[in-house]
Amino acid sequence: MKMMTKLHSGMFFLLLSGYFLSAQTISVQSESGLNVTFGGEVEMEFVDVEGPGGFSNQDLTYQKVDNRSPHMRIDKAILSTRIDYSENLYYKFELRFGDKKANVDKHYARLTLPSLGTRLEIGKNKPMIATKRQTEGYPLIGTAFWKGREYHITSETDLDMPGPINLELGLSFAMKRPIESDDAAEDKSFKMMVYGDYDDKDGQTFEYGGMLGLKVFGLSAKGWYYTGALMDDYDWKTALGGLPGYNDIADAYNDGDMSDLTHWWYGGRAGFDRGDIHLSAEYIKAQDGLIPRNGYYLEGSYRMNYFKFLPVQFIEPVIRYGELNMERHPPQLGDPETWDRTMTTIAILAPLNDFVLIKCEYYILDEVTGGSNPEDKFVEDDQFLIQIRYEF
């Protein structure tokens, strides 16, 4: 009953505005004669974390959820501009606004070489192996490894193959992203270790990557490998060295030397898309300094087009299960970055039209906290989200 009350409350506020918005692309010509296209999106959200809020219901455990009360917010507002310099060359940048900050989220130039089947990109964007997710919530390994923006030069080439086979080769040279922390889902309380957005640091290093992809008859597969070195000394001393017990790992695996600069990560993704069916699986393994990590997810969805009595184009249920594990380092109650995690995402997507999309999502999160007391072994932080996304 409580969940139904939350659902009805959130849907009321979001649907009220959703029916009155439509969108279209706006194109103008600059004074210099260049075509300029404007667009963007706004995401408005209703969020509720497991359990009642208020002072009388505050957690008594060591780890606390910051805000269990239902709340609404503008998750992000994106204003994007694309400038076409020629048929094969454009520059695009996106300004991102939220309730608490504003920044240039992405900006890059992209050049297409039709004779070679190659796309070149230079600027700030997600890594070339990042995939476009369906849900608002990222997979755990997506947040950890390919959500963060980087400055890079990439090359992606479609190789000519006989029949329905499509091969893709990718190369990447990037400024290495710093080791940071980020939220697993919508709650901001228990952050996980991630490759964050690029930020200039003393001791900056580079990262080199390669990717090979295959598509045939609705099946797809992609594998990649990235390598480089940790930033000296931000990554190994501040980010990793600040973890409780990291010196013990150095004693056990590296003769007490904490300044190991090892950095690599590799993975693979397989998918099947045919008609209304979508299936996907991904695995990533990484090592930073003396700490290996690994994780995976499995995802499936089915687009249902037979709800003609509803004012939506279709309804698409999505379910995803994923894990993220830290090796060598036992979980420490006082540092959520060391926790092993699982996350189950149950979502329903319902577009009102090509520009307005409603998402209802529930995240079931389980963490291995390393706590010894029964009340500290588990965190009650499952999360419920209703979002309406307006594109324009």
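Because the structure is a prediction, the values reported are computed rather than measured.

Visitor: What's the story with the overall build of the protein chain in this structure? I'm lost.
Guide: When helices and strands are counted, the protein chain shows four helices and 19 strands. The globule rule puts the C-alpha radius of gyration for 392 residues at 21 Å, and the 22 Å found for the protein chain is close to it. Along the first, second and third principal axes, the C-alpha set of the protein chain runs to 60 × 50 × 45 Å. Contacts in the protein chain between residues far apart in sequence, at least 24 positions, make up 61% of those at least 6 positions apart. Surface exposure of the protein chain reaches about 19300 Å², of which carbon and sulfur atoms provide 58%. Of the charged side chains in the protein chain, 40 are positive and 60 negative, and the gap between their average positions amounts to 4 Å.

Visitor: Before we go on, may I ask you to explain unusual backbone geometry in this structure?
Guide: Comment: phi is negative for the bulk of residues other than glycine, and the bulk of peptide bonds are trans. The residue after Asp 232, namely Asp 233, is reached through a cis peptide bond having omega 15°. Among the secondary structure elements, Asp 233 is positioned in the loop between β12 (219-229) and α3 (234-240). One non-glycine residue with positive phi stands out, namely Asp 255, at about 55°. Residue placement: Asp 255 occurs in the loop between α4 (246-253) and β13 (262-274). Of note, the phi angle at Arg 328 is positive, near 70°, even though the residue is not glycine. As for its placement among the helices and strands, Arg 328 is situated in the loop between β16 (316-326) and β17 (340-351). Arg 328 gets classed as partly exposed once you look at its relative accessible area, which sits at 35%.

Visitor: What's the story with the pattern of salt bridges in this structure? I'm lost.
Guide: Any two side chains of opposite charge can pair, so long as their charged atoms come close to each other. Taken as a whole, this structure holds 24 salt bridges when the rule is applied. Two residues, Glu 186 and Arg 73, come together in a salt bridge whose shortest N-O distance is 2.3 Å. Of this pair, Glu 186 sits in the loop between β9 (179-182) and β10 (192-195) while Arg 73 sits in strand β3 (residues 71-86), placing them 113 residues apart in sequence. Like Arg 73, Glu 186 is buried.

Visitor: Explanation requested: the confidence of the model for the protein chain in the structure shown.
Guide: A low pLDDT score tells you not to read the predicted coordinates there in detail. Per-residue confidence for the protein chain gives a mean pLDDT of 90, with 90% of residues at or over 70. For the stretch residues 1-8, pLDDT sits under 50, and the model shows nine contacts to residues farther than four places along the chain or on other chains. In this model residues 10-23 is a low-confidence stretch, pLDDT under 50, and it forms 30 contacts with partners more than four residues away in sequence or in other chains.

Visitor: Please clarify how the packing of aromatic side chains should be interpreted in this entry.
Guide: Pairs of aromatic rings are described using the distance from one ring centre to the other and the angle between the two planes. The full count for this structure, using the stated rule, is 16 aromatic pairs. Judged by centre distance (6.1 Å) and plane angle (40°), the rings of Tyr 91 and Phe 93 are tilted. On the basis of relative accessible area, Tyr 91 is assigned to the partly exposed category, the value being 26%. Aromatic side chains Phe 173 and Tyr 208 sit 5.5 Å apart centroid to centroid with 40° between the ring planes, which places their arrangement in the tilted category. One end of the pair, Phe 173, is in strand β8 (residues 166-175); the other, Tyr 208, is in strand β11 (residues 206-216), and 35 residues separate them in sequence. Through successive ring pairs, a cluster of aromatic residues spans Phe 145, Tyr 195, Tyr 226 and Trp 265. Of note, Arg 269 hangs over the ring of Trp 146, and the distance from its end group to the ring centre comes to 5.8 Å. Across the ring face of Phe 314, the terminal group of Arg 303 is positioned such that the distance to the ring centre comes to 4.0 Å.

Visitor: Just checking my understanding: could you explain the environment of Gly 40 for this structure?
Guide: Within the secondary structure layout, Gly 40 lies in strand β2 (residues 35-49). A sequence separation of 270 residues divides Gly 40 from Leu 310, and the C-alpha atoms of the two residues are 27 Å apart. Setting aside anything within four residues of it in sequence, one finds Gly 40 in contact with Ile 78, Ser 80, Tyr 390, Glu 391 and Phe 392.

Visitor: Would you explain the side chain of His 263 in this entry?
Guide: Tracing the chain through its elements places His 263 in strand β13. Classification of His 263 as buried rests on a relative accessible area of 2%. Looking at His 263, its side chain comes within polar contact range of the side chain of Asp 288, at 2.7 Å. Ignoring sequence-local partners within four residues, the contact set of His 263 consists of Lys 176, Tyr 195, Glu 207, Thr 227, Gly 228, Ala 229, Leu 230, Gln 287 and Asp 288.

Visitor: Quick question: what am I supposed to make of the nonpolar core here?
Guide: Where a protein is soluble and globular, its nonpolar side chains tend to be buried together. Grouped together as the largest cluster of nonpolar side chains are 26 residues, with contacts concentrated most on Ile 129, Phe 145, Met 192, Trp 224, Trp 265, Ile 284 and Leu 324. Elements with a contribution of two residues or more to this core: α2 (140-146), β10, β12, β14 (277-288) and β18 (356-368). No other element matches α2, which puts five residues into this core. Not counting residues up to four positions away in its chain, the partners in contact with Ile 129 are Trp 146, Met 211, Trp 224, Tyr 226, Trp 265 and Arg 269.

Each value, and the rule that gives it
- Residues numbered from 1 in each chain as written.
- Predicted model: local features only at pLDDT ≥ 70, side-chain atom pairs only at ≥ 80, totals over all residues.
- Heavy atoms only, no water.
- Helix = DSSP H or I, 4+ residues; strand = E, 2+ residues; numbered from the N terminus.
- Rg over C-alpha atoms; globule rule 2.2 N^0.38 Å.
- Contact = heavy atoms within 4.5 Å.
- Areas by Shrake-Rupley, 256 points an atom, 1.4 Å probe, with all protein chains shown as cover.
- Lys, Arg positive; Asp, Glu negative; His and termini not counted.
- Charge placed at Lys NZ, Arg CZ, Asp CG, Glu CD.
- Buried < 20%, exposed > 50% of the residue type's maximum accessible area, 1.4 Å probe, protein only.
- Salt bridge = Lys/Arg side-chain N within 4 Å of Asp/Glu carboxyl O.
- pLDDT = per-residue confidence, 0-100.
- Phe/Tyr/Trp six-rings, centres within 6.5 Å; stacked < 30°, edge-to-face > 60°.
- Lys NZ or Arg CZ within 6 Å of the ring centre and 35° of its normal.
- Polar contact = N/O pair within 3.5 Å; in protein donor to acceptor, adjacent residues only side chain to side chain.
- Core = buried A, V, L, I, M, F, W, Y, C linked by side-chain atoms within 4.5 Å.

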